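Each chain, letter by letter, is given below.
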Amino acid sequence: MSAMHDFRQLPIALPRDACRRAKCALAASPVPAALLPALLLALFLALLLPGAALGAAPVGVLSIDGALGPANADHVVRGIERSSQQGQQLLVLKMDTPGGLDTSMRTVVKAILASPVPVAAWVAPGGARAASAGTFILYASHIAAMAPGTNVGAATPVEIGIGSQPPGASDPAPRGAPGKPQADEASKPDSPSAMKAKTLNDAAAYLRGLAQLRGRNADWAERAVRESVSLSANEALEQKVIDHIAADLPALLTQLDGRTLVVLGQERRLDTRGAAPVEFLPDWRTDLLAAITNPAVALLLMTIGIYGLVFEFMSPGAVAPGVIGAICLLLGLYALQLLPVNYAGLALILLGLAFMVGEAFLPSFGMLGLGGIVAFVAGGLMLIDTELPGYGVPPGLVATLAAGSALILFATVRLALRTRRRPVTSGAASLIGSLCAVETVAATNTREGWVRVEGELWRVVSVAPLQPAQTVQVVGRAGLTLKVVPLAQQEGERT
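Fair warning: this is a prediction, and the values are worked out from it, not measured in the lab.

Calculation rules
- All chains use their own residue numbering, which begins from 1 and follows the written sequence.
- Two thresholds apply to this predicted model, a pLDDT of at least 70 for residue-level local features and 80 or more for giving and counting side-chain atom pairs, whereas whole-chain, interface and lining totals are computed over all residues.
- To get the side-chain values, take all heavy atoms of the structure and skip hydrogens and water.
- In this description, a line fitted to the C-alpha atoms serves as the axis of each element, helices being fitted only across the stretch in contact, and the angle between N-to-C directions of two axes falls anywhere from 0 to 180 degrees.
- Only runs of H or I of at least four residues qualify as helices and only runs of E of at least two qualify as strands under DSSP, and these elements are numbered from the N terminus.
- In this scheme, roughly parallel covers angles under 35 degrees and roughly antiparallel covers those over 145, while 65 to 115 is roughly perpendicular and the rest are oblique.
- Residues are treated as being in contact if the distance between any of their heavy atoms lies within 4.5 Å.
- The classification used treats Ala, Val, Leu, Ile, Met, Phe, Trp, Tyr, Cys and Pro as nonpolar, Asp, Glu, Lys and Arg as charged, and all other residues, Gly among them, as polar.
- Using a 1.4 Å probe on the protein chains alone, a residue whose accessible area is under 20% of its type maximum counts as buried, one over 50% counts as exposed, and one in between counts as partly exposed.
- In short, DSSP must find at least two bridges between two strands for them to pair.
- In what follows, salt bridge is the name for a side-chain nitrogen of Lys or Arg lying within 4 Å of a carboxyl oxygen of Asp or Glu.

Asker: It is not clear to me how the packing of helix α6 (residues 102-113) against helix α7 (residues 133-140) should be interpreted in this structure. Could you clarify?
Answerer: Helix-helix packing is characterised by the crossing angle of the two axes and by the distance between the axes. In contact at an axis separation of 9 Å, α6 and α7 are set at 5° when each is read in the N-to-C sense. Classified by the angle their axes make, α6 and α7 are roughly parallel. Each of Met105, Val108, Val109, Ile112 and Leu113 in α6 lies in contact with α7, whose residues at this interface are Ala133, Phe136, Ile137 and Ala140. Residue composition of the contact of α6 with α7, grouped by class: nine nonpolar, no polar and no charged.

Written out as structure tokens, the structure is:
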């Protein structure tokens, strides 16, 4: 009981429930007096530093910077998995994005909705934005927050193609009447207006469903899609588009401390005050995926791959061109499979490369090559079917590749013409004038025998008798028989 008396006389104002738990523990398990100071010190640190002493689970931090593409989407999906495996209580998505590909956005949204770890989307730092695809991710997250000086919205889907129009050029449906076409043309299922209306209605319903799931402003979500409206951080908080405004990560974690969330049907209480942040940086896989999914890099890889295979077929056994070409071609095709590709443009690129390769084998006098260059340039300019920043093929790259292909084509044609003017150095015509030694002489006629020319055994006839090992020169050919003249006789005739 003396130990209990000392505990009550501590000059620290401990919470009543903590004192009661400590009394029960000491009463149930008597503690030696020598260990009491250490236990009291531990209890004091636990009350003073709850985040560190009580072992509060860390908080993951993952950044989305720039246009959302396959690399960012893969990074977010794997980040959610790692956060769950490491037992983190929260994952913060720090966003600054102008938008991204629809497929990548939906991949991220699906991962957030199925995440066992609460996800907080935070638009930061000041001056950042969550436009287009970023708005969908913000609405899908369990917690939506923004830093001062940021904006959210402008979620109208944009697609580029033959017959498409820029956003706002003509609304497919009047405001307040979703899905109702304005003109008779919009009622045609395959018309550009009908396709645009379908895309808008799909995106509006998708974002509205996310808003209803998270209890946020669904009406403004639909306006963000149909009218491309945007909000500042303060306006977004007033209209219940977001939950918090935080200038930095510690301020955000302080505001979230003690909040209860529903994650996959289960309640989770956050204890984020003083929790240690763990940042998930992009690894080699994300960097590689970001590099090869750049449309310019994908086009370059595919071009190098095709030329590498062609050079390997032209010079079998070189190995290096074939290996490098196969790797580059596979990487390029994989990147194009992840990107919004216009298949007409891809077909023109392949056709142009095929024409330029065919120029080296067919006597078209440059017509195939010129047609191939034109097809390659046209296909390269229309390859990527989106106007998102960072996802276009630079015209300068297309022009450079076309110029390089033209130089290769010009060099091939010039080499072919020079080769055509050269005298024949192989085959039967090359036998005339060659020197060889008589191997055997016919027993019945000394003017007939056998010689070896270029590794082949030929029957020969001569105007003079032949002797074994005698040097002769080929002067003619009649079928499978060569006409030869002894070298000594030929020199005598010249003198």
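Asker: I keep staring at the side chain of histidine 75 and nothing clicks. Help me out?
Answerer: By the secondary structure assignment, histidine 75 is in helix α5 (residues 70-85). Of the residues examined, histidine 75 reaches a relative accessible area of 6% and is grouped as buried. Residues contacting histidine 75, with those up to four places away along its chain left out, are Leu62, Ser63, Phe280, Leu281, Pro282 and Thr286.

Asker: Is there a simple way to explain the sheet that holds strand β11 (residues 277-280) in this structure?
Answerer: Whether parallel or antiparallel, the strands of a sheet pair through hydrogen bonds between backbone atoms. Spatial ordering of the open sheet is given by β8-β5-β3-β2-β1-β11, a layout of six strands whose pairing is parallel. The open sheet terminates on both sides in strands that have one partner only, identified here as β8 (244-245) and β11. Where strand β1 (residues 59-65) lies against β11, four bridges are found, and the strand directions are parallel. Counted as the bridge partner of glycine 60 is valine 278 from β11. This element, α7, spans β2 (90-96), β3 (119-123) and β5 (143-146) of the sheet and lies at about 160° to β2. Contacts from helix α11 (residues 249-256) reach β1, β2, β3, β5, β8 and β11, with the element oriented near 135° to β2.

Asker: Honestly, the pattern of salt bridges in this entry has me stumped. Any pointers?
Answerer: If charged atoms from side chains of opposite charge come close, those side chains can pair. Under the criterion given, the structure shown has 14 salt bridges. Note that arginine 106 and aspartate 202 form a salt bridge whose closest N and O atoms lie 2.7 Å from each other. Remark: aspartate 202 occurs in helix α8 (residues 192-214) and arginine 106 occurs in helix α6; sequence separation between them is 96 residues. A relative accessible area of 44% means that aspartate 202 is categorised as partly exposed. For arginine 459, the salt bridge goes to glutamate 448, with nearest N and O atoms at 2.9 Å. Of this pair, arginine 459 sits in strand β14 (residues 456-462) while glutamate 448 sits in strand β13 (residues 448-453), placing them 11 residues apart in sequence. On the accessibility criterion, arginine 459 (31% relative accessible area) is partly exposed. Within the structure, one salt-bridge network assembled from shared partners comprises Asp74, Arg78, Asp283 and Arg285.

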